[in-house]
Structures are given as C-alpha cells and as structure tokens.
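What follows is each chain in one-letter form.
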Amino acid sequence: MNLPKYDLHTHTTASDGVLSPLALYDSAREAGVEVLAITDHDTIEGVKGLMAIKNTSENEDNMILIPGAEFTCLLGKQILHIVGLGLDIEHPELKRHLADLETLRVDRAKRIALKLEKKRIPNIYNLVCEKAAGAQIGRPHFAKVLCDLKVVNSEEEAFKKYLGAGKLANVSVAWPSLEKVLEVIKASGAVSVLAHPTKYKLTMSKLRKIIAEFSALGGDALELGYPGINREQQNILKFEVQKHELLVSAGSDFHTPENRWTRLGVYPEISADLPHVLNSDGVINKQKQ
Ligand code: AMP
Ligand code: MN
Ligand code: MN
Ligand code: MN
C-alpha cells in the first residue's frame, strides 16, 4: 500500500514543544509532510486552534491535519504514553479527561516547585508558569527554567539531578489508568497507539506483558517508527504486533528544531506489510477490528 508522507507524533508550544502549532504546520509542509498529527502532552488546545484556521474551505494547502494528543497514564506503577489519533475534539468525555489532567499537572508543578524551593531555588513556580505561557505544564518547563537560572547546564542535566524518577524534585502523580485513557480515546472516536515502546527502560519480557495488557484492554496500535528505535527492536515488536493483531504507527516525536536527532517527517522506516493506522487517503483507520 502506498501511503502519503506522514508524521503522526509531534509537539507544539501547547505542551513542551518550541514551535507554535502554525509554525509546526508550516515546517511540516515545507518538509514535504502530507499528513500531520499534532499530539501534545495531555492537551488538544494547540491542534484545536489550528484546525479552526486550517480545516476551512478557504485553506488552500492540502496537508491533512489530524487532531491528536499524547496521554499520560499508569499501568500499575508504570507510566505509559498513549497517542490518540483522530480525536473528536468536542467530545464531552475527552474534555472532562483533559480538564482532570490539567488539574493534575498544575498540582504536580506546585509540588515540584516546593521541593526545589527547599533546595534554595526560590520563586520557581512563577517562573515556570511564565515559561509555560499557558501551555500544559510539564517537567521540561522546569528543566528550561533551571537552565535559565544556571542551576544546571542542560535540560538533560536538570532531569538527571532534579526531575527524573527518584531524583531530588521527583513527585508521584496519580495519573489516570491505561484502561481509562483507552476508554476515553475510544469514546472520542480515535485510535490508540502505545508510543515509543522501547523508551520506557523495560526489559523485553516486561514490555511484552505490557503490550499484551494494552491489547487486552482494547489498545489499537504500536508505534514502530520513531527516532531511537533500531531494526532489531522493530523486528521483535513486529512479532508482537502480529501476535496481538495490532495496527502500526510512526512519527518523529518532534519537540524542537534544535534537536538534530528529530526532523519532521523523519523516523526509521516501518515495514509495509503490517496494517497501518493510516490509509492511502491519509485517513486514520478506525480501530483494530
Ligand atoms: P512530563 O510529561 O511533564 O513528565 O514530561 C515528560 C517530557 O519530558 C517528555 O515528553 C520529554 O519531552 C521530556 N524528557 C523526559 N526525560 C527527559 C530527559 N532526560 N531530558 C530531557 N527531556 C526529557
Ligand atoms: Mn515531551
Ligand atoms: Mn512520550
Ligand atoms: Mn511525544
């Protein structure tokens, strides 16, 4: 099957990306992308605003814009990221879920700030709110402020010393369950994709169990093409895709043009013999069966 050039995993200033939704859209089009999904962390505000401009009869470019989000959730103690593609952005259950996530994220940000203040880094909550400028607040906003304050030299270092799991300013969050997120995605007519499966620092046997649970709970697809995945990992995961009759997806997980490892529309190729979330018309296939 011949698919249009696509990128189904990207971030904007509505979460922790640095390009505005419109700038991202223009960059993707310049990169030759024909189908773009915007998938900000736990928010649809960016893609929603852009759709109001682009999905009109006056819009003359023909790039297809897919409303999506990358949902944070928990399976037991494991944090997972689930990309929802083709969301009905007006669905009440989705809206309620996103409002809950915003509350969780603001509450977490306040608790992270308190921990940093105890380490003699004052006023950090206000600085982080300024940095986020209305976006869904995430740890990368803290990392950027810690860089601005010269507390650390890089965002990577901020995660290593302060923000990462088990580090000084780490706080736990009662993220929604995987089950709940899959239900919300399904209710809003979208397809669910387990994002970047090799990036959770899990052993292959643990990852296999998680994929089996994801599938048993009604999950639709596995991301098989993203920066960092290698051919051997793809082959192992391809086997799981076939075993659980899942679909496959791919995207750059683009956050910033400064990162030389991510380019819009660029990721390791995925084999064409697997059923894809996208069809040749650039439309998201509705769920697994
Ligand atoms: P959050 O959802 O607020 O917990 O933030 C997660 C985001 O932080 C991820 O989507 C990445 O963009 C970013 N991130 C995670 N780990 C690191 C790291 N070690 N260095 C830089 N950024 C990171
Ligand atoms: Mn991110
Ligand atoms: Mn992610
Ligand atoms: Mn992402």
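Above this text is the structure in question.
Residues numbered from 1 in each chain as written. Chains lettered and ligands numbered in written order. Predicted model: local features only at pLDDT ≥ 70, side-chain atom pairs only at ≥ 80, totals over all residues. Heavy atoms only, no water.

Caption draft 1: Structural detail: the pattern of salt bridges. Overall, the coordinates contain 11 salt bridges when judged by the stated rule. For Asp42, the salt bridge is made with Arg105, and the minimal N-O distance between the two is 2.9 Å. Residue Asp42 is found in the loop between strand 2 (35–38) and helix 2 (45–54), and its partner Arg105 is found in helix 3 (residues 92–118); the two are separated by 63 residues along the sequence. The same class applies to Asp42 as to Arg105, namely buried. (Salt bridge = Lys/Arg side-chain N within 4 Å of Asp/Glu carboxyl O. Helix = DSSP H or I, 4+ residues; strand = E, 2+ residues; numbered from the N terminus. Buried < 20%, exposed > 50% of the residue type's maximum accessible area, 1.4 Å probe, protein only.)

Caption draft 2: Inspection of the coordination of the manganese ion (ligand 2) at higher detail. The coordination sphere of the manganese ion (ligand 2) contains the protein donors Asp16 (OD), His41 (NE2) and His255 (NE2), at a distance range of 2.1 to 2.2 Å. As a motif over one chain, the donors of the manganese ion (ligand 2) read D-x24-H-x213-H. Between the manganese ion (ligand 2) and the manganese ion (ligand 3), a spacing of 5.7 Å is present. On the criterion of sequence distance, the pair formed by Asp16 in the loop between strand 1 (6–7) and helix 1 (21–30) and His255 in the segment after strand 7 (247–250) is long-range, its members being 239 residues apart. Note on Asp16: relative accessible area 11%, which makes it buried. (Donors = N, O, S within 2.8 Å, 3.2 Å for Na, K, Ca; no water.)

Caption draft 3: Spotlight on the site of ligand 1. Neighbouring ligand 1 are the residues Asp16, His41, Arg105, Arg108, Gly138, Arg139, Pro140, Glu156, Phe159 and His255. Contact distances for ligand 1 include 3.0 Å between an oxygen atom and a side-chain N or O atom of Asp16. Contacts to ligand 1 include His41, whose side-chain N or O atom sits 2.9 Å from an oxygen atom. Relative to its unbound accessible area of 500 Å², ligand 1 is 74% covered by the protein chains. For the shell around ligand 1, the secondary structure elements donating two or more residues are helix 3, helix 5 (139–148) and helix 6 (155–163). Partitioned by chemical class, the residues of the shell around ligand 1 number two nonpolar, three polar and five charged. (Near = heavy atom within 4 Å. Polar contact = N/O pair within 3.5 Å; in protein donor to acceptor, adjacent residues only side chain to side chain. Areas by Shrake-Rupley, 256 points an atom, 1.4 Å probe, with all protein chains shown as cover. Nonpolar A, V, L, I, M, F, W, Y, C, P; charged D, E, K, R; others polar.)

Caption draft 4: Geometry of the coordination of the manganese ion (ligand 4). In this structure, His9 (NE2), His11 (NE2), Glu70 (OE) and Asp253 (OD) serve as the protein donors to the manganese ion (ligand 4), at separations of 2.1 to 2.2 Å. All donors of the manganese ion (ligand 4) come from a single chain, and their spacing in sequence reads H-x1-H-x58-E-x182-D. In this structure, the manganese ion (ligand 4) lies 4.8 Å away from the manganese ion (ligand 2). Of this pair, Glu70 sits in strand 3 (residues 64–75) while Asp253 sits in the segment after strand 7, and the two are 183 residues apart along the sequence.

Caption draft 5: Summary view of the packing of helix 3 against helix 7 (residues 178–187). Across the interface, helix 3 lies against helix 7 with an axial gap of 8 Å and an inter-helix angle of 140°. When the axes of helix 3 and helix 7 are compared, the pair comes out oblique. The hand of the helix 3/helix 7 crossing is left-handed. Counted together, Glu93, Leu94 and His97 of helix 3 and Lys180, Val181, Glu183, Val184 and Ala187 of helix 7 form the full contact between these two elements. (Axes fitted to C-alpha atoms, helices over the stretch in contact; angles between N-to-C directions. Parallel < 35°, antiparallel > 145°, perpendicular 65-115°, else oblique. Left-handed = near helix turned anticlockwise from the far one by under 90°. Contact = heavy atoms within 4.5 Å.)

Caption draft 6: Inspection of helix 2 at higher detail. All buried positions along helix 2 are accounted for by Gly46, Val47, Leu50, Met51 and Lys54. The buried residues of helix 2 occupy one face: seen down the axis, they fall within an arc of 125°. When the buried face of helix 2 is taken as reference, the exposed residues oriented beyond 90 degrees from it are Glu45 and Ala52. Taken together, the buried residues of helix 2 touch helix 1, strand 2 and strand 3. (Arc of directions from axis to C-beta.)

Treat this as a map of the structure, not an account of what it does.
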